[in-house]
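# Observations on the model geometry
Read off the chains here:
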Protein chains: 2
Amino acid sequence: MKAKRESPNSFPAEPPVPERVVAGLAKIGLALRSQGWQEAGRRGLTPTQAQILRLLPPPSEQGLRLGEVADALAVTPATASDAVRSLIEKGFVRKSRSGADRRAVELYLSPAGRRELDQVAGLPDFLLAGVEALDEEETEAFLRSLIKVIRTLQEAEMIPVSRMCVTCRFFRPYAYSDPARPHHCAFVDAPFGDRDLRLECPDHDPADPDSAAKTWARFSSRATHEATGL
Amino acid sequence: MKAKRESPNSFPAEPPVPERVVAGLAKIGLALRSQGWQEAGRRGLTPTQAQILRLLPPPSEQGLRLGEVADALAVTPATASDAVRSLIEKGFVRKSRSGADRRAVELYLSPAGRRELDQVAGLPDFLLAGVEALDEEETEAFLRSLIKVIRTLQEAEMIPVSRMCVTCRFFRPYAYSDPARPHHCAFVDAPFGDRDLRLECPDHDPADPDSAAKTWARFSSRATHEATGL
DNA sequence: GGTTTTAATTAGGACTCCTAACCAAAAAGA
DNA sequence: TCTTTTTGGTTAGGAGTCCTAATTAAAACC
């Protein structure tokens, strides 16, 4: 039987702050899941299927491999294959053998899929309403913290790597002293601030591991100190 | 074809900040889900089953109703009933008819369930590692923002209401001017700070709707201004 | 006492996940 | 070149997650 820990200010201690944060994130995860299923009922799509639709490009662009879809959703290829088959039966997705590699497939949105996606994307996350309860400054701080958490998870390979600034070869964190726009993007060759940090940038180009590590160290430590007013 | 929006600083605009925050939260939800299933493989428990185990009390305490379990997990009673049946077959949960209301059931952890829970809870969320990449101050700000988001979601009834400070009749937000410990808990009759804000307090007692609204308004607006230095 | 409501279960169906076994094409080695 | 791997994807099988709808039984209402 463990004695209860006391926090420094004599207020009876609960689990440490990070654990409560995790619990909070779990609650949001819960909401996302249950919302996803309610959505599913309204249209004919399950959460996974909707996510795949959001992922796939129109036929005019380069299609996605099945493996890429599986990675992005963090499921096994078997599961992804199931979901895709069901989407094809529903007429929302097209599949064709890849030209370059004859065992691979390329997946695209069909026109019907494109229309369906507009509907699905139209009612964007209910979560948005929750996040919009934060003021601007709070939201930006929240985004930055979120990016740090996600990146850490990615490094531990617990979450698929995505096209974020912090893994991009064009990203130069804290290149300027202007606190509103401390970062530099070498792709558009312009300074920008935390509010423009991206999670999925179309122009993303992965940095080599070495400079990625440096970039991350720089971003991570500066973002930390800046929050304390340094 | 839509023209690209420009943000005020001429950096090419992406979706607005709140949307990116939602995207980030969704990524974390993804990680939670896929981790849950990997867990499932190791032990014989699926994510839902593990969550139920975490929820149930030992036989020495008041058992939970099936409906309460369903609410807490944000699933239908049918789904909860399924999962509970499977847990009973595995010997981790005990069920008995409620004395007070003969159609209701009371659910408890069995001794085996208790042992299993220790295992499950032992490897707490991998997410913890991610959150611990934040420094102390950042973590506290993150927790506070999270509470605001969750509470907003609860008000919109998109997420089950939980035993948080902000819905408790003992909670007096911003009762003091001390920025380190601005709140007061009338249950323990002591001041406390953001770092002690709770998501699941054992002593929680719901406030009546009227004063709950006032408390929330006070917490919400002050937390906002405080962040901007007011 | 006779509705209505509420708590839980069951039935049925689509889908999500997994692991494992399997082809077939591509890459690697001898 | 002619095998081995390796890799991309599919299928089979099984437990579980979810839902809606129908059912049973007890409680609450009038």
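Before reading further, recall that the structure is shown in the block above.
What follows covers the protein's contact with DNA strand D. Close to DNA strand D lie 27 residues; Arg33, Lys95 and Arg103 of chain A together with Thr46 and Thr76 of chain B are nearest. Backbone atoms, meaning sugar plus phosphate, form 77% of the atoms of DNA strand D positioned within 4 Å of the protein. Contact between DNA strand D and Leu66 of chain A: a phosphate oxygen at 3.3 Å from a main-chain N or O atom of the residue. A distance of 2.9 Å separates a phosphate oxygen of DNA strand D from a polar side-chain atom of Ser81 of chain A. For the surface near DNA strand D, the elements supplying multiple residues, two or more each, are helix 1 (17-42), helix 3 (66-73) and helix 4 (77-89) of chain A together with helix 2 (47-55) and helix 4 (77-89) of chain B. At five residues, helix 4 of chain B tops the list of elements feeding residues into the surface near DNA strand D.

Our next topic: the sheet that holds strand 4 (residues 183-185) of chain A. Two strands in a sheet stick together by hydrogen bonds in their backbones, pointing the same way (parallel) or opposite ways (antiparallel). Residues and elements named next belong to chain A. Spatial strand order, 3-4-5: three strands in an open sheet with antiparallel pairing. At either margin of the open sheet sits one strand with a lone partner, and together these are strand 3 (171-172) and strand 5 (190-192). Judged from the three bridges that link them, strand 4 and strand 5 form a sheet pairing that is antiparallel. What sits directly across from His183, in strand 5, is Phe192.

What follows covers the pattern of salt bridges. On inspection of all chains with the given rule, the structure shows 10 salt bridges over all chains. Across the pair Lys148 of chain B and Glu138 of chain A runs a salt bridge whose closest N-O atoms are separated by 3.1 Å. Note that Lys148 of chain B is positioned in helix 7 (residues 136-155) and Glu138 of chain A in helix 7 (residues 136-155), a pairing that runs across two chains. With respect to class, Lys148 of chain B is no different from Glu138 of chain A; both count as buried. The partner of Asp194 of chain B in a salt bridge is Arg144 of chain B, and the shortest N-O contact between them spans 2.7 Å.

Of the residues lining the interface, 74 residues belong to chain A; the matching set on chain B comes to 74 residues. Note on chain A versus chain B: buried area summed over both sides is about 7,000 Å², and carbon and sulfur give 70% of it. Applying the counting criterion to the chain A and chain B interface returns two salt bridges. Run the count over chain A and chain B and you get six residue pairs in polar contact (both at pLDDT 80 or more). Residue assignment for the side of chain A that touches chain B shows that the elements contributing at least two residues are helix 1, helix 3, helix 6 (127-131), helix 7, strand 5 and helix 8 (209-227) of chain A. Looking at the side of chain A that touches chain B, the element that brings in the most residues is helix 1 of chain A, giving 18 residues. Looking at the side of chain A that touches chain B, its residues break down into 43 nonpolar, 13 polar and 18 charged.

Okay, the environment of Phe171 of chain A next. Position of Phe171 of chain A among the secondary structure elements: in strand 3. With residues near it in sequence (within four places) discarded, Phe171 of chain A still touches Cys165, Val166, His183, His184, Phe192, Leu197, Thr215 and Phe219 of chain A.

A few words on the pairing of strand 2 (residues 105-109) of chain B. Residue and element names in this part refer to chain B. The element strand 2 is extensively covered by neighbouring structure, given that five of its five residues are classed as buried. Residues of strand 2 alternate between two faces, with Val105, Leu107 and Leu109 on one and Glu106 and Tyr108 on the opposite face, all of them buried. Two strands pair when backbone bridges link them, and strand 1 (residues 93-97) and strand 2 are joined in this way by five bridges, in the antiparallel orientation. In the strand pairing of strand 2, Ser96 is matched with Glu106.

Attention now moves to the sheet that holds strand 3 (residues 171-172) of chain B. Residues and elements named next belong to chain B. Within the open sheet, the three strands sit side by side as 3-4-5. Their pairing is antiparallel. Only two strands of the sheet have a single neighbouring strand rather than two, namely strand 3 and strand 5 (190-192). Note: strand 3 against strand 4 (residues 183-185), two bridges, orientation antiparallel. The partner of Arg172 across the bridge, within strand 4, is His184.

Take the protein's contact with DNA strand C next. The local shell around DNA strand C holds 27 residues, among which Thr46 of chain A together with Arg33, Gly67, Lys95 and Arg103 of chain B are the closest. Within 4 Å of the protein, the atoms of DNA strand C are drawn from sugar and phosphate moieties in a proportion of 76%. At a separation of 2.5 Å, a phosphate oxygen of DNA strand C approaches a polar side-chain atom of Arg33 of chain B. Within the contact set of DNA strand C, a phosphate oxygen lies 2.6 Å away from a side-chain nitrogen or oxygen of Lys95 of chain B. Contributing elements (two or more residues each) for the surface near DNA strand C: helix 2 (47-55) and helix 4 of chain A together with helix 1 (17-42), helix 3 (66-73) and helix 4 of chain B. The element contributing the most residues to the surface near DNA strand C is helix 4 of chain A, with five residues. Taken together, the residues of the surface near DNA strand C sort by class into 10 nonpolar, eight polar and nine charged.

With an axial shift of 0.0 Å and an RMSD of 0.0 Å, the rotation relating chain A to chain B amounts to 180°. In symmetry terms, the pair is related by a two-fold rotation axis. Judged by C-alpha distance, Gly29 of chain A is the residue of chain A that lies nearest the rotation axis, at 2.3 Å. In this assembly, 100% of the residues forming the interface of chain A have copies in chain B that are likewise at the interface, indicating an isologous arrangement.

Basis of the calculations
Residues numbered from 1 in each chain as written. Chains lettered and ligands numbered in written order. Predicted model: local features only at pLDDT ≥ 70, side-chain atom pairs only at ≥ 80, totals over all residues. Heavy atoms only, no water. Near = heavy atom within 4 Å. Polar contact = N/O pair within 3.5 Å; in protein donor to acceptor, adjacent residues only side chain to side chain. Helix = DSSP H or I, 4+ residues; strand = E, 2+ residues; numbered from the N terminus. Pairing = 2+ DSSP bridges. Salt bridge = Lys/Arg side-chain N within 4 Å of Asp/Glu carboxyl O. Buried < 20%, exposed > 50% of the residue type's maximum accessible area, 1.4 Å probe, protein only. Contact = heavy atoms within 4.5 Å. Buried area = accessible area lost by both parts, 1.4 Å probe. Nonpolar A, V, L, I, M, F, W, Y, C, P; charged D, E, K, R; others polar. Least-squares fit on C-alpha atoms with pLDDT ≥ 70 in both.

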